[in-house]
Amino acid sequence: MTIKIRNTIFISSLSAAGIILVAFIAGSLYMLYSFSIPLKELLDINSVMLNLSHVSALLVFALISATVLLHSFRKTSAPEVFFILVFLLLLSTESLRLGLIYIQKAGLPFETGRTLSRVIYFGRFMGTTSIFISGLFACGIRNQRIEMLMGIGALISLSLATTIPLDNRTSEFSMIYTNSLNSQFFVVFMIIKVLSVWNYIYAGIVNNNRNYYFIGIGILMITAGLELVLNFQAVPFTGIGLLLMISGITLFGTQIHKIYLWF
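Please read these numbers as outputs of a predicted model, since none were measured by experiment. (Residues numbered from 1 in each chain as written. Predicted model: local features only at pLDDT ≥ 70, side-chain atom pairs only at ≥ 80, totals over all residues. Heavy atoms only, no water.)

Novice: So what about helix 7 (residues 146–163)? Which residues, and what values?
Specialist: For helix 7, which comprises 18 residues, the first-to-last C-alpha distance of 26 Å matches the rise-based estimate of 26 Å (1.5 Å per residue) to within 8%. All buried positions along helix 7 are accounted for by Ile146, Leu149, Gly153, Ser157 and Ala161. Here the buried residues of helix 7 occupy an arc of 95 degrees about the axis, which is enough to place them on one side. Seen from the buried face of helix 7, the exposed residues on the opposite side, beyond 90 degrees, are Leu155 and Thr163. On its buried face, helix 7 sits against helix 4 (79–90) and helix 6 (114–138). (Helix = DSSP H or I, 4+ residues; strand = E, 2+ residues; numbered from the N terminus. Expected span 1.5 Å × (residues − 1). Buried < 20%, exposed > 50% of the residue type's maximum accessible area, 1.4 Å probe, protein only. Arc of directions from axis to C-beta. Contact = heavy atoms within 4.5 Å.)

Novice: Which residues make up the packing of aromatic side chains, and what values do they have?
Specialist: Summed over all chains, the structure comprises 6 aromatic pairs. When the ring of Phe82 is compared with that of Phe83, the centres are 5.0 Å apart and the planes differ by 75 degrees; the resulting orientation is edge-to-face. Given a relative accessible area of 6%, Phe82 falls into the buried group. Residue Phe83 is classed as buried on the basis of its relative accessible area, which comes to 0%. Consider the rings of Phe125 and Phe189, whose centres lie 5.0 Å apart with planes at 10 degrees: the pair is stacked. Of this pair, Phe125 sits in helix 6 while Phe189 is found in helix 8 (residues 182–207), placing the two residues 64 residues apart along the sequence. Exposure class is identical for Phe125 and Phe189. Each is buried. The rings of Phe10, Phe82, Phe83 and Phe137 are connected pair by pair, giving a single aromatic cluster. (Phe/Tyr/Trp six-rings, centres within 6.5 Å; stacked < 30°, edge-to-face > 60°.)

Pasting the structure below:
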């Protein structure tokens, strides 16, 4: 994949992410109006609209971070950056929570939310896989393998998202239908995220370059922050999570810049 084609794809994706953000905010305001949610519920820590505000903040973070990264590395063929951009853009799938909330509020059948839930799960699976793959290139995999690893990651994520059993009675606070194997998946993906950090630590050892160690710390901050944002609705946890993600992506960008442009 040439740099020009990559940039064209990501610019188009960023435009779509911007449209998704605007549509999400507009849809949230419409839902507030159509369901007449009272102010006291709006201010409740467990309210639907507070949940939507968390998603809005996550979408804004993803859009700004991806735009800055793409602009900074538009002339550089950096597979590590490529897969981090994929991870950031896949956060847009969280916007489908709006549809799930509408389904719950309108009392529509459970089956109508299955597809939306599976798309969100796909985004999470593929995002985690993309972070892991980015570290593999730091360890020495050739750039020509980008398309192959991208296809393998997408295939695995799609297989998991379409086959996981969904509970028809309960849902998370985020309104996503729960996976009855959630504990097992949580353990597996925590292991993958730990290995993602280890990839950069190993790259630092192999390449004798401490910048990779700082990138590993940045990846740890990004993944830890995302877990806080996705799994805790309380404002302090969300705030800490977003701060970790912003700090992590900044650390990633500055250190990868040193590796590709300063050395």
